[in-house]
Amino acid sequence: MDIFEKLLKHMGPIGEHSNRAHGYFAFPKLEGEIGPRMKFRGNEKIVWSLNNYLGLANHPEVRATDAKAAAEYGLATPMGARMMSGNTNYHEKLEKELSDYMGKEDTTLLNYGYQGIMSAIDAICNRRDVIVYDAECHASIIDGLRLHQGHRYVFKHNDIADLEKQLKRAEEMIKTTGGGILVVTEGVFGMAGDQGKLKEIAALKDKYEFRFLVDDAHGFGTMGKTGAGTGEEQGVQDKIDLLFNTFAKSGASIGAFMSGEKAIINYLRYNMRSQIFAKSVPLPLVIGHLKRVELMRKHPEMKAKLWSNVNKLQQGLRDRGFDIGKTNSPVTPIYLKGDIPEATAMCLDLRENYNIFCSIVVYPVIPKGQIIYRLIPTAAHTDEDIELTLKAFTETKEKLDQKEYKVAEIPMV
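Residues numbered from 1 in each chain as written. Predicted model: local features only at pLDDT ≥ 70, side-chain atom pairs only at ≥ 80, totals over all residues. Heavy atoms only, no water.

Undergrad: Let's hear about the overall build of the protein chain: which residues, and what values?
TA: Within the protein chain, the regular secondary structure consists of 15 helices and 14 strands. A compact globule built from 413 residues would reach a C-alpha radius of gyration of about 22 Å, and the protein chain, at 22 Å, matches this within 12%. Out of the 413 residues in the protein chain, the part that is buried amounts to 53%. Restricting to contacts in the protein chain with at least 6 residues of sequence separation, those with at least 24 account for 69%. Within the structure as shown, the protein chain displays about 19300 Å² of accessible surface, and the carbon and sulfur contribution to it stands at 53%. The centroid of the 54 positive side-chain charges in the protein chain is displaced by 2 Å from the centroid of its 54 negative side-chain charges. (Helix = DSSP H or I, 4+ residues; strand = E, 2+ residues; numbered from the N terminus. Rg over C-alpha atoms; globule rule 2.2 N^0.38 Å. Buried < 20%, exposed > 50% of the residue type's maximum accessible area, 1.4 Å probe, protein only. Contact = heavy atoms within 4.5 Å. Areas by Shrake-Rupley, 256 points an atom, 1.4 Å probe, with all protein chains shown as cover. Lys, Arg positive; Asp, Glu negative; His and termini not counted. Charge placed at Lys NZ, Arg CZ, Asp CG, Glu CD.)

Rendered as structure tokens:
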């Protein structure tokens, strides 16, 4: 059998809809300056799909710094992997700034967040170790776990009792293997928006021996008094052994970093395959990151504006009877009932007749019969954006409840 034959027969649970979804529901093209209003197929939309939490994507100082650094150094500098020929004073300066911001001894930059956290898990754990992780951890963590040759135990989402149950199993296992235990969770869960129970998990370190890794991609810049993240928000930043963050959200860029104890971070520098065998972060991005971190730390009003918009949007939805789950972060899910054709018909109505562009999540990401719209408020959104969006969802939900979106298949657009 030709190995490609099965790929052509079965496109996968999302790919099977590609002939109707591509270019509209999947792989859409937003055009214009990044912000709350952008063009989609030639028409202006209010956009709720970008993780530009603090509005830094088009901050004039950010744009000027990015442009100047690109003109001065080009995207090729530095050439090579960081270990071999890709290190610079700017890379080390950024790591020091981030360590100070996160309240950690040291930091190592990562060229990409997804492969970075995968590689970190791979470097930390060998076949004798046990990983205990939250059931709703991000796909990058799950893929990192797939590389793990030892045992791994999953605990029910944010269920501390079940976590203890899995920790007891892990303790029994390492009596046989001679390894250690790594607990992995997230600061803010990117789909539901609820914070991980970092404080409760950290408290278990008095009872069980484990190290604690937190993916705080959505918490960096948005959570805590200074924006240092969910650990700061919950008062346990010092209890987190390894803190992973990305620049792809609040930082409005790309790349990531891991912070922690100096000796452990140094170990990761010399053992993370995704960094040893891949090109260093380009210098214009590093210099741009320095500016972004500077603005995050010097301008708390950006986070304050973000949260003002978060509260207006989320309270507005609750007041109108919408189920937004247990979110206690800027991530704003809207839970509705319906199948894929209905979900896409409603999404089409929102985009074409209400000029609202937001992300829709359906099966197989979530169970059949459910629809989730995920809205990402930012500091750049206006009160008008929020009011128009609340009006649009109120009217389209009424249509959904009255079965006006009942169609046989995904609309062809």
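Undergrad: Could you give me a rundown of the side chain of asparagine 51, with the residues and numbers involved?
TA: Within the fold, asparagine 51 resides in the loop between β3 (43–47) and α3 (60–73). For asparagine 51, a relative accessible area of 17% puts it in the buried group. Discounting residues that sit within four places of it in the chain, asparagine 51 has contacts with His218, Ala248, Lys249, Ser250 and Ile376.

Undergrad: Please give an account of the packing of aromatic side chains that cites residues and values.
TA: One pass over the full model with this rule turns up 11 aromatic pairs. Through a chain of ring-to-ring contacts, three or more aromatic side chains come together here, namely Tyr24, Phe25, Phe40 and Phe357. Between the NZ or CZ atom of arginine 169 and the centre of the ring of tyrosine 153, over which it lies, the distance is 4.0 Å. The aromatic ring of phenylalanine 40 is capped on one face by arginine 351, whose charged end is 5.5 Å from the ring centroid. (Phe/Tyr/Trp six-rings, centres within 6.5 Å; stacked < 30°, edge-to-face > 60°. Lys NZ or Arg CZ within 6 Å of the ring centre and 35° of its normal.)

Undergrad: I'd like to hear about the packing of helix α14 (residues 340–353) against helix α15 (residues 383–401), residue by residue, with values.
TA: Closest axis-to-axis distance for the α14/α15 pair is 10 Å, and the angle between their directions is 145°. For the crossing formed where α14 meets α15, the hand is right-handed. Taken together, the residues of α15 that come into contact with α14 (itself represented by Glu342, Met346, Asp349 and Leu350) are Ala392, Phe393, Thr396, Lys397, Lys399 and Leu400. In the contact of α14 with α15, the residues fall into five nonpolar, one polar and four charged. (Axes fitted to C-alpha atoms, helices over the stretch in contact; angles between N-to-C directions. Left-handed = near helix turned anticlockwise from the far one by under 90°. Nonpolar A, V, L, I, M, F, W, Y, C, P; charged D, E, K, R; others polar.)

Undergrad: Lay out the UniProt feature "domain: Aminotransferase class I/classII large" (unreviewed entry) in the protein chain in plain terms, naming residues and giving numbers.
TA: As annotated by UniProt and renumbered to match this structure, "domain: Aminotransferase class I/classII large" (unreviewed entry) occupies residues 44–392. The distance separating the terminal C-alpha atoms of residues 44–392 is 15 Å; by composition the span is 43% helix and 16% strand. (UniProt positions renumbered as here; feature names shortened; annotations may be inferred.)

Undergrad: Let's hear about empty space enclosed by the protein: which residues, and what values?
TA: Scanning the entire structure with this criterion turns up one cavity of 30 Å³ or more. Volume-wise, the largest cavity comes out at about 50 Å³. As for the largest cavity, its lining consists of Gly35, Pro36, Val47, Leu50, Asn52, Ile376, Thr378, Ala380 and His381. For the lining of the largest cavity, a count of residues per class yields five nonpolar, four polar and no charged. (1 Å grid on protein atoms, 1.4 Å probe; cavity = no way out; pocket = protein on both sides within 12 Å on 5 of 7 lines; lining within 4 Å. Points joined across faces, edges and corners; volume = space filled by probe spheres on them.)

Undergrad: Account for unusual backbone geometry, with residues named and values stated.
TA: Put simply, threonine 77 and proline 78 share a cis peptide bond, and its omega is -5°. By the secondary structure assignment, proline 78 is in the loop between α3 and α4 (89–102). Its identity is not glycine, yet phenylalanine 27 carries a phi of approximately 55°, on the positive side. As for its placement among the helices and strands, phenylalanine 27 is situated in the loop between α2 (18–21) and β1 (30–31). You can call phenylalanine 27 exposed: its relative accessible area is 63%. Positive phi values are uncommon outside glycine, yet alanine 252 reaches one of about 50°. Within the fold, alanine 252 resides in the loop between β9 (242–246) and β10 (256–260).

Undergrad: Which residues make up α4, and what values go with them?
TA: An ideal rise of 1.5 Å per residue puts 20 Å on 14 residues; α4 measures up with 20 Å between its terminal C-alpha atoms. Among all positions of α4, only His91, Leu94, Glu95, Leu98, Ser99, Tyr101 and Met102 are buried. For α4, the arc enclosing every buried residue in end-on projection is 160°, short of the 170-degree limit, so these residues lie on one face. Those residues of α4 that are exposed and aimed more than 90 degrees away from the buried face are Asn89, Lys96 and Asp100. (Expected span 1.5 Å × (residues − 1). Arc of directions from axis to C-beta.)

Undergrad: So, the environment of isoleucine 371: which residues are in play, and what are the values?
TA: Its location among the elements puts isoleucine 371 in strand β14 (residues 370–375). C-alpha of isoleucine 371 to C-alpha of arginine 152: the two residues are 219 residues apart in sequence and 30 Å apart in space. Excluding its chain neighbours within four sequence positions, the residues that come into contact with isoleucine 371 are Ile334, Tyr335, Leu336, Lys337, Gly338, Asp339, Ala343, Ile360, Val361 and Ile366.

Undergrad: Outline the pairing of strand β5 (residues 130–134), supporting the account with residue identities and numerical values.
TA: For β5, a buried count of five out of five residues is recorded, marking the element as mostly surrounded by other parts of the structure. The side-chain alternation of β5 yields two buried faces, one formed by Val130, Val132 and Asp134 and the other by Ile131 and Tyr133. Pairing of β5 with strand β6 (residues 151–155), which is carried by five bridges, proceeds in the parallel orientation. Its bridge partner being in β6, valine 130 is matched across the sheet by histidine 151. You can see the chain leave β5, run along helix α6 (residues 139–147) and come back into β6, and the turn it takes is right-handed. Bridge count for β5 against strand β7 (residues 181–186) is four bridges, and the pairing is parallel. Across the sheet, the residue bridging to isoleucine 131 is leucine 182, located in β7. (Pairing = 2+ DSSP bridges. Right-handed = clockwise from strand over helix to strand, strands pointing away.)

Undergrad: Just give me the short version of the side chain of aspartate 134, but keep the residues and values in it.
TA: When you line up the elements, aspartate 134 lands in strand β5. Here aspartate 134 occupies a buried position and makes no salt bridge, while the nearest side chain of opposite charge, lysine 197, is found at 9.0 Å. Setting aside residues no more than four positions away along its own chain, aspartate 134 makes contact with Val154, Phe155, Lys156, His157, Asn158, Val184, Thr185 and Phe189. (Salt bridge = Lys/Arg side-chain N within 4 Å of Asp/Glu carboxyl O.)

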